[in-house]
Amino acid sequence: MEIRLARPDELVGLQQIEIASGEPFRAIGMPEIADDDPLPLAVLTHLQSLGRVWVAAEPEPVGWIAVEEVDGFAHVEQVSVHPGHARRGVGRELIDHVGAWAAGRGLTGLTLTTFRDVPWNGPYYERLGFRQVSDLTPGLAAVVEQETARGLDPATRTCMLRGV
Ligand SMILES: CC(C)(COP(=O)(O)OP(=O)(O)OC[C@H]1O[C@@H](n2cnc3c(N)ncnc32)[C@H](O)[C@@H]1OP(=O)(O)O)[C@@H](O)C(=O)NCCC(=O)NCCS
């Protein structure tokens, strides 16, 4: 498996991977998350044009990660692995790849927002070295506000940070 920058012609397929990766939320009583729209193509296209979208390819993409810079951190906008390729360390490799990229750019660390108690969200990222933060930078606070406006219950969410 190779981790490389995404190509423009792969972005619609990455949305399909994100939709598929949401399916497990149905089994834990969160169907609205399974049914949520993927990251809009316009956003993916913008991030890809900036070189901020990577795929795990074997050789077709089976997972991907997209980041933005928020307050000096590489903020993970989305990480998705197709369920048919899950639990083989692809997610960890994508996160580590972006961590090395962030370090090379002189960024302070990685941040993300996620569901605190979903096993493959908060507890998973803790195992990858993230810790929960409550003292949010202005950019992260804005991310949380946008999520709340989209209908995500802030009581179920957490912001997490890992240094590089
Ligand atoms: C989070 C995600 C990217 C991890 O990808 P991955 O390649 O499976 O990750 P890894 O192989 O590195 O680690 C998998 C770990 O996640 C946890 N996990 C994954 N699926 C799980 C499930 N259905 N139930 C419980 N734990 C699960 C386990 O801890 C697992 O480790 P284990 O297999 O040793 O038990 C993937 O689960 C995904 O795409 N999820 C849907 C999208 C999502 O939730 N994105 C994050 C929103 S912030």
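See the structure above.
Anyway, here's the lowdown on the structure attached to this text. As the structure is a prediction and not an experimental result, all values here were calculated from the model. (Residues numbered from 1 in each chain as written. Predicted model: local features only at pLDDT ≥ 70, side-chain atom pairs only at ≥ 80, totals over all residues. Heavy atoms only, no water.)

### What to know about the overall build of the protein chain
If you tally the helices and strands in the protein chain, you get seven helices and seven strands. Ordered by position from N to C terminus, the α and β elements of the protein chain give β-α-α-α-α-β-β-β-α-β-α-β-α-β. Taken against the 2.2 N^0.38 rule, which gives 15 Å for 164 residues, the C-alpha radius of gyration of the protein chain at 15 Å falls within 12% of a compact globule. Residues classed as buried in the protein chain amount to 46% of the 164 residues present. Long-range contacts, defined here as pairs at least 24 residues apart, represent 69% of the contacts in the protein chain between residues at least 6 apart. Summed over its atoms, the accessible surface of the protein chain is roughly 8,300 Å², and 52% of this surface lies on carbon and sulfur atoms. The centroid of the 14 positive side-chain charges in the protein chain is displaced by 6 Å from the centroid of its 23 negative side-chain charges. (Helix = DSSP H or I, 4+ residues; strand = E, 2+ residues; numbered from the N terminus. Rg over C-alpha atoms; globule rule 2.2 N^0.38 Å. Buried < 20%, exposed > 50% of the residue type's maximum accessible area, 1.4 Å probe, protein only. Contact = heavy atoms within 4.5 Å. Areas by Shrake-Rupley, 256 points an atom, 1.4 Å probe, with all protein chains shown as cover. Lys, Arg positive; Asp, Glu negative; His and termini not counted. Charge placed at Lys NZ, Arg CZ, Asp CG, Glu CD.)

### Side note on the site of the ligand
The environment of the ligand is made up of 21 residues, and the closest members are Val 81, Gly 89, Gly 91, Tyr 124 and Arg 127. Within the contact set of the ligand, an oxygen atom lies 2.6 Å away from a backbone nitrogen or oxygen of Gly 89. Sorting the residues of the shell around the ligand by element identifies strand E4 (73-81), helix H5 (90-104), strand E5 (109-115) and helix H6 (122-127) as the ones contributing at least two each. If you tally residues by element for the shell around the ligand, the top one is E4, at four residues. Looking at the shell around the ligand residue by residue, the class counts come to nine nonpolar, eight polar and four charged. (Near = heavy atom within 4 Å. Polar contact = N/O pair within 3.5 Å; in protein donor to acceptor, adjacent residues only side chain to side chain. Nonpolar A, V, L, I, M, F, W, Y, C, P; charged D, E, K, R; others polar.)

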